[in-house]
Amino acid sequence: MNALDISAVTYSYGNKAANALNNFSMSVAPGSMHALVGPNGAGKSTLMRVITGQFRSYAGRVTIYGRTMPDRDTLLSIGYAPQPISVYTGLTAMENLLFFGAMAGMPKTRAASRAQEVLEQTGLADHARQLVSTYSGGMQRRLNLAVALLHSPLLLLLDEPTVGIDPQSRYHIYETLTALNAAGMTVLLSTHIMEEAQRLCRAVTLADKGTVIYDGPMSEIDNLERFFLEKTGRGLRDD
Ligand code: ADP
């Protein structure tokens, strides 16, 4: 059984002529670290929103470990780090984690012990009681990831987790993801950074303008950038 199956999903924001996702199909194998790659407007964030149940009406089907979405229990077993940093800067890291733990229905003592663990995993343990407003952008990104990990999700969805951060934080996030994946967590990572996808992931879905161009092993593609150019006539970094 796949960790995630997206079958012919079509979604339109309504105010746009083109569909944000167009008959979009892909699968993520359990235990894999899978890249979702495409330039701006490819539909990566929209797909993450569909998977996490943020839209009521879309065509097609999403299943997670065989359960058709939306399904409340399954939603609670997903970790999601959205592209915009989604933490409270007026609280400390620990306060953020305890708040999100409560929102996820975690008992207080479990939330507190998991908070400590995820702060260590993301290299923030020494800054746990510091206001997030004093954090660097990279530290805030790492906290965004820590929040997504708090409830020990089976499937982790990361939307552009390293955009606009310093190399040290980026490297730290790569290390964290590699360790989590080695311990069995399935990860879907959206990115427009080719080196990131090729370095971390053995499977890739390549998308453009809401349509899947390729979905399969990374080893079949020598160079993602060149492959994309050949298929679309455009570069991956073009807007
Ligand atoms: P990506 O994450 O790959 O950059 P998006 O999912 O953000 O792609 O965007 C896919 C398409 O949907 C784009 O044409 C974008 O303009 C449109 N879109 C994204 N978010 C919204 C929104 N909130 N309202 C209207 N259109 C949107």
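The structure we're discussing is the one just above.
Conventions adopted
Residues numbered from 1 in each chain as written. Predicted model: local features only at pLDDT ≥ 70, side-chain atom pairs only at ≥ 80, totals over all residues. Heavy atoms only, no water. Helix = DSSP H or I, 4+ residues; strand = E, 2+ residues; numbered from the N terminus. Rg over C-alpha atoms; globule rule 2.2 N^0.38 Å. Buried < 20%, exposed > 50% of the residue type's maximum accessible area, 1.4 Å probe, protein only. Areas by Shrake-Rupley, 256 points an atom, 1.4 Å probe, with all protein chains shown as cover. Lys, Arg positive; Asp, Glu negative; His and termini not counted. Charge placed at Lys NZ, Arg CZ, Asp CG, Glu CD. Core = buried A, V, L, I, M, F, W, Y, C linked by side-chain atoms within 4.5 Å. Contact = heavy atoms within 4.5 Å. Near = heavy atom within 4 Å. Polar contact = N/O pair within 3.5 Å; in protein donor to acceptor, adjacent residues only side chain to side chain. Nonpolar A, V, L, I, M, F, W, Y, C, P; charged D, E, K, R; others polar. Phe/Tyr/Trp six-rings, centres within 6.5 Å; stacked < 30°, edge-to-face > 60°. Pairing = 2+ DSSP bridges.

Asks: Residues and numbers for the overall build of the protein chain, please.
Replies: Scanning the protein chain for helices and strands turns up eight helices and 10 strands. For 239 residues, the compact-globule estimate of 2.2 N^0.38 gives 18 Å, and the C-alpha radius of gyration of the protein chain, at 18 Å, lies within 12% of that figure. The principal-axis extents of the C-alpha atoms in the protein chain amount to approximately 50 × 35 × 35 Å. Counting over 239 residues, the protein chain shows a buried share of 49%. Surface accessibility of the protein chain: about 11200 Å² in total, with carbon and sulfur atoms responsible for 50%. Side-chain charges of the protein chain comprise 21 positive and 21 negative groups, with the mean position of each set lying 6 Å from the other.

Asks: Can you break down the nonpolar core residue by residue, with the values?
Replies: Side chains of a nonpolar character, in soluble globular proteins, are inclined to be buried together. Core analysis: the biggest nonpolar cluster contains 48 residues, and Val-37, Leu-97, Leu-143, Leu-156, Leu-177 and Leu-224 have the highest contact counts within it. Here this core takes seven residues from helix H5 (residues 137–149), the largest share from any one element. When near neighbours in sequence (up to four residues on either side) are disregarded, Val-37 contacts Lys-44, Thr-191, Met-194, Ala-197, Val-204, Thr-205, Leu-206, Ala-207, Leu-224 and Leu-236. Grouped together as the second largest cluster of nonpolar side chains are 24 residues, Ile-6, Tyr-11, Leu-21 and Tyr-58 included.

Asks: Got a sec to walk through the site of the ligand? Specific residues and values, please.
Replies: What surrounds the ligand is a group of 13 residues, the closest being Lys-16, Gly-41, Lys-44, Ser-45 and Thr-46. Residue Tyr-13 places a side-chain N or O atom 3.4 Å away from a nitrogen atom belonging to the ligand. Within the contact set of the ligand, an oxygen atom lies 3.0 Å away from a backbone nitrogen or oxygen of Gly-43. A total of 560 Å² of accessible area belongs to the ligand in isolation, and the protein chains cover 66% of it. Of the residues assigned to the shell around the ligand, the class counts are four nonpolar, six polar and three charged.

Asks: Break down the packing of aromatic side chains for me, with residues and values.
Replies: For the structure shown, the criterion picks out seven aromatic pairs. Ring centres of Tyr-11 and Phe-55 lie 4.0 Å apart, and the angle between their planes is 15 degrees; on these two criteria the pair is classed as stacked. Of the two residues, Tyr-11 is situated in strand E1 (residues 4–11) and Phe-55 in the loop between helix H1 (44–51) and strand E4 (59–64); the sequence distance between them amounts to 44 residues. Since its relative accessible area comes to 17%, Phe-55 is described here as buried. When the centroid spacing of 5.7 Å and the interplanar angle of 70 degrees are considered together, the rings of Tyr-214 and Phe-227 count as edge-to-face. Residue Tyr-214 is located in strand E10 (residues 211–217), and its partner Phe-227 is located in helix H8 (residues 224–232); the two are separated by 13 residues in the primary sequence. Three or more aromatic residues joined by ring pairs make a cluster, and in this case those are Tyr-11, Tyr-13 and Phe-55.

Asks: Explain the sheet that holds strand E2 (residues 21–28) residue by residue, including any values.
Replies: With respect to topology, four strands assemble into an open sheet ordered E2-E1-E4-E5, the strand pairing being antiparallel. For this open sheet the edge positions go to E2 and strand E5 (67–68), each flanked by a neighbour on one side alone. Both E1 and E2 contribute to a ladder of five bridges, which runs antiparallel. Directly across from Leu-4, in E2, lies its bridge partner Val-28.

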